[in-house]
Amino acid sequence: MDYIIEMLNITKEFPGIIANDDITLQLKRGEIHALLGENGAGKSTLMSVLFGMYKPEKGHIRKNGKEVEIKDPNDANDLGIGMVHQHFKLVQNFTVLQNIILGVEETKNGVLQLKDARKRVIELSERYGLMVEPDAVIEDITVGMQQRVEILKMLFRENEVLIFDEPTAVLTPQEIDELMKIMKNLAKEGKSILFITHKLNEIKEVANRCSVLRKGKYIGTVDVADTTKEQMSEMMVGHKVNFCVEKTEAKPKDVVLEVNNLSVNRKGQSKKSVHNVSFQVRQGEIVCIAGIDGNGQSELVYGITGLMPISDGSVHLNGKDITKESVRKRNIDGIAHIPEDRHKDGLVLDYTLSENLVLKNYFMKGFQNHGFINFAKVNDYSNKLIEQYDVRSGQGNKTIVRSMSGGNQQKAIIAREISLNPELLIAVQPTRGLDVGAIEYIHKQLVAQRDSGKAVLMVSLELDEVMNVSDRILVMYEGEIVADLKPEETNIKELGLYMAGSKRDEVK
Ligand SMILES: Nc1ncnc2c1ncn2[C@@H]1O[C@H](COP(=O)(O)OP(=O)(O)OP(=O)(O)O)[C@@H](O)[C@H]1O
Ligand SMILES: [Mg+2]
């Protein structure tokens, strides 16, 4: 028998939407099987069915040819199925070790046997190159390490079917390389892997086969080696996708954002996260901050948007000193912000889509009626954005945002921020977790924003995006700007040298 897992004719409905419509997926033993589909296509839902989190209305699942019933994640675990979720599910104030053993703790006479568990965790982490600190608390460690904890959790349980739901969306390019190696090793050892990603390069690199979903339906399965990236993306969206951003030369005008000698200290850290940084962004240009994650990009944006206090320097918007202004005042003055962490800073997850779309302007005149919110107007406004940005969900503007697919949550934030038509749009990793069609659309919107004479400041970890979209690139290294470059005068290799700190210019 070739197949370790077969999901046959699976149908799963949510209010207002058929998330999985008669989907069949067969996983071979020892293969890496990619699952590709637009935002909201039903990938996470299908994997959650396999992991016992949702009960499908129709269809069945076989393991090694035998029909099985998976009522909850414990059943899945007993069958050797583990999952790393799109949004991790770790206990924030537990340690790494406690999280890994949670639910499968061994006791002797009622006493927790931590010593053996610790030994095994260390063994596993060495064997698979998954570096973790067993006693660190989850909320203090990087996203990359949190993910390694999730992977160790599966290995600790000796799972043989491993589901990775968009593991690379939250990782830096260096961490992605590492994960690709780890996945290949796991497959070599006989594990069978289901791998969700929007990045066709990653599929090309590690996957043996790829199944494509579109709007809840199964489109087909291909051998990755015989299929081009263009063919796969066409299967996914139903038409050809343009990978290159089309734009004319920038014609920068007046200065919109001026940052002078800005320093930011993250609480509890002795070293400055941002050190004496100065730069300008003008009308009609897209300036991109490039750098390896953790070199002060996040803190720089927090300082400009007011989300974190600055320790020195000033920020001017259209000539006005906004250094001491509140976050809301800065928004009203014309700053929009697509934040790095969509759950923490971007959305109120238990509000409706409509409410989330007006978070930044519900208090404005157009939405107010004698001190009450005019919901008719709010709904009209949000319906327009939903259509324009193709934000997909089960129940339209009434959908609770928590239930939406990851990519569609991101699209909602982008719709809200761009539609404020800000003087300065700050976009941090704007296309993280988006499918190729949505990425193309968002890039076009950033360029349109620029062409209408606005200033755009983008932060991205992806060099392709940096090179494609920006008019000017500032490279950050250890809290400082070490280069100010034009994309047409540099290349990915040179950028890499600046980002690694092995090259620096005198930047004023
Ligand atoms: N718990 C839920 N309640 C209601 N609707 C849901 C729920 N989970 C998913 N959906 C809906 O089902 C559809 C498929 O969502 P799913 O999360 O499976 O998409 P996805 O392919 O993983 O997308 P993405 O690439 O954006 O993560 C979406 O329209 C979503 O709004
Ligand atoms: Mg998903």
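These numbers come from a predicted model, not from an experiment. (Residues numbered from 1 in each chain as written. Chains lettered and ligands numbered in written order. Predicted model: local features only at pLDDT ≥ 70, side-chain atom pairs only at ≥ 80, totals over all residues. Heavy atoms only, no water.)

Asks: Would you explain the pairing of strand β3 (residues 32-37) in this entry?
Replies: Moving residue by residue along a regular strand, the side chains alternate between the two faces of the sheet. Most of β3 is tucked away: six of the six residues are buried. Neither face of β3 is exposed, since I32, A34 and L36 on one face and H33, L35 and G37 on the opposite face are all buried. Relative to strand β10 (residues 192-196), β3 runs parallel, the two sharing four bridges. Note that in β10 the partner of H33 across the bridge is L194. Here β3 pairs with strand β11 (residues 209-214) via five bridges, running parallel. Its bridge partner being in β11, G37 is matched across the sheet by L213. (Buried < 20%, exposed > 50% of the residue type's maximum accessible area, 1.4 Å probe, protein only. Helix = DSSP H or I, 4+ residues; strand = E, 2+ residues; numbered from the N terminus. Pairing = 2+ DSSP bridges.)

Asks: Explain the packing of aromatic side chains here, please?
Replies: Geometrically, a pair of aromatic rings is defined through the distance of the ring centres and the angle of the planes. One pass over the structure, following the stated rule, counts four aromatic pairs. Seen in terms of ring centroids, F367 and Y381 are 5.1 Å apart; in terms of plane orientation they differ by 70°. Their pairing is edge-to-face. One end of the pair, F367, is in the loop between α12 (353-357) and β19 (368-369); the other, Y381, is in helix α13 (residues 375-388), with 14 residues separating them in the sequence. For F367, a relative accessible area of 10% gives the class buried. Between R120 and the ring centre of F156, over which it is positioned, the NZ or CZ distance is 4.3 Å. Just above the ring of F363 sits the side chain of R328; from NZ or CZ to the centre is 3.7 Å. (Phe/Tyr/Trp six-rings, centres within 6.5 Å; stacked < 30°, edge-to-face > 60°. Lys NZ or Arg CZ within 6 Å of the ring centre and 35° of its normal.)

Asks: What is the right way to read the sheet that holds strand β22 (residues 455-460) from this model?
Replies: Sheet strands pair by backbone hydrogen bonding; their relative direction is either parallel or antiparallel. The sheet built from six strands is open, its strands ordered β18-β21-β22-β15-β23-β24 with mixed pairing. Each edge of the sheet is formed by a strand with only one pairing partner; in this case those strands are β18 (335-338) and β24 (480-485). The average undirected angle you get between the axes of adjacent strands in this sheet is 20°. Pairing of strand β15 (residues 285-290) with β22, which is carried by six bridges, proceeds in the parallel orientation. Note that in β22 the partner of I289 across the bridge is V459. Those strands touched by helix α14 (residues 406-418) are β18 and β21 (424-428), and its axis lies near 170° from that of β18. In the packing of helix α17 (residues 492-499) onto the sheet, contacts are made with β23 (472-477) and β24, and the angle to β23 comes to roughly 35°. (Axes fitted to C-alpha atoms, helices over the stretch in contact; angles between N-to-C directions. Contact = heavy atoms within 4.5 Å.)

Asks: Looking at this structure, how should I read the domain arrangement of the chain?
Replies: By a frequent convention, interface size equals the accessible area lost on bringing the separate parts together. Annotation of the chain at the domain level lists domain 1 (3-237), domain 2 (254-334 + 424-508) and domain 3 (353-421). Of the residues lining the interface, nine residues belong to domain 1; the matching set on domain 3 comes to 10 residues. Each partner contributes to the roughly 660 Å² buried at the junction of domain 1 and domain 3, and carbon and sulfur atoms together form 48% of this total. There are one salt bridge connecting domain 1 and domain 3. For R392, the salt bridge is made with E38, and the minimal N-O distance between the two is 3.4 Å. (Domains from an automatic or database assignment. Buried area = accessible area lost by both parts, 1.4 Å probe. Salt bridge = Lys/Arg side-chain N within 4 Å of Asp/Glu carboxyl O.)

Asks: Mind showing me how you'd approach unusual backbone geometry here?
Replies: The backbone of N261 sits at a positive phi, close to 45°, despite the residue not being glycine. Looking at the element boundaries, N261 is found in strand β13 (residues 255-264). Taking the relative accessible area as the measure of exposure, N261 reaches 39% and is therefore partly exposed. At D390, a position not held by glycine, the phi torsion is positive, near 55°. According to the relative accessible area criterion, D390 is partly exposed, its value standing at 35%.

Asks: Quick question: what am I supposed to make of the site of ligand 1 here?
Replies: Close to ligand 1 lie 22 residues, the nearest being G40, K43, T45, S405 and G407. A distance of 2.9 Å separates an oxygen atom of ligand 1 from a polar atom in the backbone of G42. A distance of 2.7 Å is found between an oxygen atom of ligand 1 and a side-chain nitrogen or oxygen belonging to S405. The fraction of the free accessible surface of ligand 1 (640 Å²) that becomes covered by protein chains is 89%. Looking at the shell around ligand 1 element by element, the count peaks at three residues for helix α1 (residues 43-50). Here the residues of the shell around ligand 1 are counted per class, giving six nonpolar, 13 polar and three charged. A domain split of the shell around ligand 1 shows at least three residues from each of domain 1 (3-237) and domain 3 (353-421). (Near = heavy atom within 4 Å. Polar contact = N/O pair within 3.5 Å; in protein donor to acceptor, adjacent residues only side chain to side chain. Areas by Shrake-Rupley, 256 points an atom, 1.4 Å probe, with all protein chains shown as cover. Nonpolar A, V, L, I, M, F, W, Y, C, P; charged D, E, K, R; others polar.)

Asks: I would appreciate a short explanation of the pattern of salt bridges in the present structure.
Replies: Close approach of charged atoms allows side chains with opposite charge to pair. The final tally for this structure, using the stated rule, is 28 salt bridges. Between R392 and D390 there is a salt bridge, and its shortest N-O distance comes to 2.9 Å. The shortest N-O distance in the salt bridge between K444 and E440 comes to 3.9 Å. Of this pair, K444 and E440 both sit in helix α15 (residues 436-451), separated by four residues, roughly a single helical turn. Taking the relative accessible area as the measure of exposure, K444 reaches 52% and is therefore exposed. What emerges from the salt-bridge pattern is a single network uniting K247, R450, D451 and D471.

Asks: What exactly am I supposed to notice about α1 here?
Replies: For an α-helix, the turn length of 3.6 residues means that residues three or four places apart are oriented alike. Burial runs high along α1: seven of the eight residues are buried. For α1, every residue scored as buried is listed here: K43, T45, L46, M47, S48, V49 and L50. Following α1 by one or two positions, G52 adopts a phi angle in the positive range, close to 80°.

Asks: In this structure, what is going on with the packing of helix α5 (residues 143-156) against helix α6 (residues 173-188)? I would like to understand it.
Replies: For the pair α5 and α6, interaxial distance at closest approach is 12 Å and the crossing angle is 10°. Taken together, the axes of α5 and α6 lie roughly parallel to each other. Of α6, the residues touching α5 (which contributes G144, Q147, R148, I151 and L155) are E175, E178, L179 and L186. Of the residues belonging to the contact of α5 with α6, the class tally is four nonpolar, two polar and three charged. (Parallel < 35°, antiparallel > 145°, perpendicular 65-115°, else oblique.)

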